[in-house]
Amino acid sequence: NRVRLAKLRHHQTVTKDGIGVTLAANMGTANDIPSVLDNGAEAVGLMRTEFLYMDAERVPTEDEQFAIYRQVVSALAPRPVVIRTLDIGGDKPLPYLHQAPEANPFMGERAIRQSLAHQPLFRSQLRALIRASAYGHLRIMFPMIATLDEFRQAKAIYDDERSKLTTAQVPMGKIDVGMMVEVPAAAMLADRFAQEVDFMSIGTNDLIGYAMADDRTNQDVAYLYQPYHPAVLRLVDRIVRAGHAAGIPVAMCGEMAGDPIAVPILLGIGLDEFSMGAGSILKTRQLMGTLNVHELQSLADTVLNSTSTSQEVITMVQAAVPGIL
Ligand code: PEP
Ligand code: MG
């Protein structure tokens with residue numbers, strides 16, 4: 001099967017009934033470039049920039065950041081590369097930022113909240129990204145957006161840095177600016193966000209945690225992390241429909257996107273891009289080649305309208321896609 005999978009490296013992803021889907025990779029550092037290429041990713045749906053900062057002993061300079069972003073977008077060109085602005089706080093503290101201890105870090109000043117509150121770091125990251133855009137196809141994504149106002153503020157800071165660099169005649173490419181949908185409030189307002197963003201990407205790792213109110217680091221409540229819970233799937237469905245109504249693509253970059261039980265449901269819902277650990281891409285491409293999206297739409301409807309438990313949903317997917325797991 002490894003040989004069969006390797007043959008799929010240079011293929012585009014198409015379902016059995018001919019629907020094109022983008023299979024993208026998640027990555028953390030420039031060291032991941034070879035595996036993204038070897039596994040035939042059509043795009044990068046999420047580069048987490050936290051590692052760049054967490055691996056350093058001090059704030060990386062704009063030039064240090066620029067060198068890495070340029071390396072990544074140019075190595076992967078012409079593929080689109082989504083680079084996410086800093087998502088620290090929560091379970092990812094940055095020692096040199098001296099953040100005050102928080103009783104509830106997942107609900108605290110993390111991600112875009114931290115970026116808007118401490119703008120110099122955010123602005124230097126945006127400048128480095130805008131400069132790197134001249135070397136490939138860059139998309140910038142803001143994490144943990146909860147309100148329209150947060151997105152507008154982040155976008156205004158981006159526009160400000162972009163116009164300063166334009167005045168300075170710094171070369172740059174076209175950049176799409178989008179957001180993660182991982183806070184339930186943003187999922188509920190996805191139709192409004194879709195009017196203002198270039199793309200949306202669903203972060204199920206956090207979305208599930210916030211929707212089910214379970215702490216993803218606490219084993220005692222791990223049973224509540226339920227990707228197939230109808231409430232979670234309805235949020236996902238809502239986001240996809242909102243994106244499509246506004247004519248923008250919807251991606252998913254949480255763990256769920258590479259889960260073989262979730263894939264048929266997500267195809268039925270109409271998700272456009274699936275971004276996952278590079279090692280899951282070829283298996284998923286092979287699986288998608290055996291699936292008829294038109295048949296999966298009724299599976300998705302049934303699951304969305306059921307009161308089923310996770311185990312019942314797994315049984316439903318297995319019945320619809322014999323031999324899946
Ligand atoms: C997510 O929340 O699903 C996600 C992709 O972001 P992270 O896992 O980095 O929080
Ligand atoms: Mg997240």
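Residues numbered from 1 in each chain as written. Chains lettered and ligands numbered in written order. Predicted model: local features only at pLDDT ≥ 70, side-chain atom pairs only at ≥ 80, totals over all residues.

## A closer look at the overall build of the protein chain
From N to C terminus, the protein chain includes 15 helices and eight strands. The C-alpha atoms of the protein chain give 19 Å as radius of gyration, which agrees with the globular expectation for 325 residues (20 Å, within 12%). Overall size of the protein chain, expressed as C-alpha extent along the three principal axes, is 60 × 45 × 35 Å. Buried residues in the protein chain amount to 43% of all 325 residues. Taking as baseline every contact in the protein chain between residues at least 6 positions apart, the subset at least 24 positions apart corresponds to 70%. (Helix = DSSP H or I, 4+ residues; strand = E, 2+ residues; numbered from the N terminus. Rg over C-alpha atoms; globule rule 2.2 N^0.38 Å. Buried ≥ 20, exposed ≤ 12 C-beta atoms within 10 Å, placed from the backbone. Contact = placed C-beta atoms within 7 Å.)

## Overview of the sheet that holds strand S2 (residues 43–48)
If you trace the eight strands once around the closed barrel, you get S1-S2-S3-S4-S5-S6-S7-S8, paired in parallel fashion. Each strand axis lies, on average, 30 degrees off the axis of its neighbour in the sheet, ignoring direction. Where strand S7 (residues 250–252) and strand S8 (residues 273–277) come together, two bridges link them in parallel fashion. Each bridged residue has a counterpart across the sheet, and for Ala251 the counterpart in S8 is Glu273. (Pairing = 2+ DSSP bridges. Axes fitted to C-alpha atoms, helices over the stretch in contact; angles between N-to-C directions.)

## Some details on the UniProt feature "binding site: Mg(2+)" (unreviewed entry) in the protein chain
In the numbering used here, UniProt assigns the "binding site: Mg(2+)" (unreviewed entry) feature to Glu182 and Asp206. On the basis of their most widely separated C-alpha atoms, the annotated residues across 25 residues gather in one place, lying no more than 5.5 Å apart. Residue placement: Glu182 occurs in the loop between strand S5 (176–181) and helix H8 (184–188). The residues contacting Glu182, other than those within four sequence positions of it, are Met144, Gly203, Asp206 and Leu207. Inspection of the secondary structure assignment puts Asp206 in helix H10 (residues 204–212). (UniProt positions renumbered as here; feature names shortened; annotations may be inferred.)

## Structural notes on the pairing of S2
Within S2, five of the six residues are buried, leaving the element largely enclosed by the surrounding structure. Pairing analysis gives four bridges linking strand S1 (residues 22–27) to S2, with the strands arranged parallel. When the bridges of S2 are listed, Ala24 appears paired with Ala43. Across three bridges, the pairing between S2 and strand S3 (residues 80–84) is parallel. For Val44, the partnering residue across the bridge sits in S3 and is Val81.

## As for the nonpolar core
Grouped together as the largest cluster of nonpolar side chains are 88 residues, with contacts concentrated most on Val44, Met179, Val181, Met200 and Ile239. The element that contributes the greatest number of residues to this core is helix H11 (residues 230–245), accounting for seven residues. Setting aside its immediate chain neighbours within four residues, Val181 contacts Ala186, Ala187, Ala190, Met200, Ile202, Gly203, Leu207 and Ile239. (Core = buried A, V, L, I, M, F, W, Y, C linked by C-beta atoms within 7 Å.)

## Digging into helix H14 (residues 293–304)
In an α-helix, one turn spans 3.6 residues; hence positions three or four apart end up facing the same way. Compared with the 16 Å implied by 1.5 Å per residue over 12 residues, the 16 Å span of H14 between its first and last C-alpha is a close match. Inspection of H14 places Leu296, Leu299, Ala300 and Val303 among the buried residues, and these make up the whole buried set. The buried side chains of H14 occupy one side of the element, clustering within an arc of 100 degrees when seen end-on. Buried positions along H14 lie against H11, helix H12 (262–269) and helix H15 (310–320). (Expected span 1.5 Å × (residues − 1). Arc of directions from axis to C-beta.)

## Overview of the UniProt feature "binding site: phosphoenolpyruvate" (unreviewed entry) in the protein chain
When the UniProt feature table is mapped onto this chain numbering, "binding site: phosphoenolpyruvate" (unreviewed entry) sits at Arg48, Arg84, Asn205, Asp206 and Arg216. When you line up the elements, Arg84 lands in strand S3. Residue Arg84 is classed as buried on the basis of its C-beta count, with 26 C-beta atoms lying within 10 Å. The contacts of Arg84, once residues within four sequence positions are left out, are Leu46, Met47, Arg48, Thr49, Met141 and Pro143. On the basis of neighbour count, Asp206 is assigned to the buried category, with 23 C-beta atoms found within 10 Å.

## Points about the confidence of the model for the protein chain
Per-residue pLDDT for the protein chain has a mean of 95; in total, 100% of the residues score no lower than 70. Scoring of the predicted complex yields 0.97 for pTM and 0.99 for ipTM. (pLDDT = per-residue confidence, 0-100.)

## Some words on the site of ligand 1
The immediate surroundings of ligand 1 are formed by Leu46, Arg48, Asp87, Glu182, Gly203, Thr204, Asn205, Asp206, Cys253 and Gly254. With three residues, H10 is the single largest residue contributor to the shell around ligand 1. In terms of residue class, the shell around ligand 1 is made up of two nonpolar, four polar and four charged. (Near = placed C-beta within 6 Å. Nonpolar A, V, L, I, M, F, W, Y, C, P; charged D, E, K, R; others polar.)

## Re unusual backbone geometry
Both trends apply: most residues other than glycine have a negative phi, and most peptide bonds are in trans. Residue Pro78 follows Ala77 across a cis peptide bond; omega there is 5 degrees. The backbone phi angle of Gln169 is positive, close to 60 degrees, even though this residue is not glycine.

## Here's the deal with the pairing of strand S4 (residues 137–142)
Of all the six residues making up S4, five are buried; the element is thus mostly covered by neighbouring parts of the structure. Inspection of the sheet shows S3 paired to S4 by five bridges, in the parallel sense. Pairing of Val82 across the sheet is with Arg139, part of S4. By the bridge criterion, four bridges tie S4 to S5 in an arrangement that is parallel. Within S5, the position partnered with Arg139 by the bridge is Asp176.

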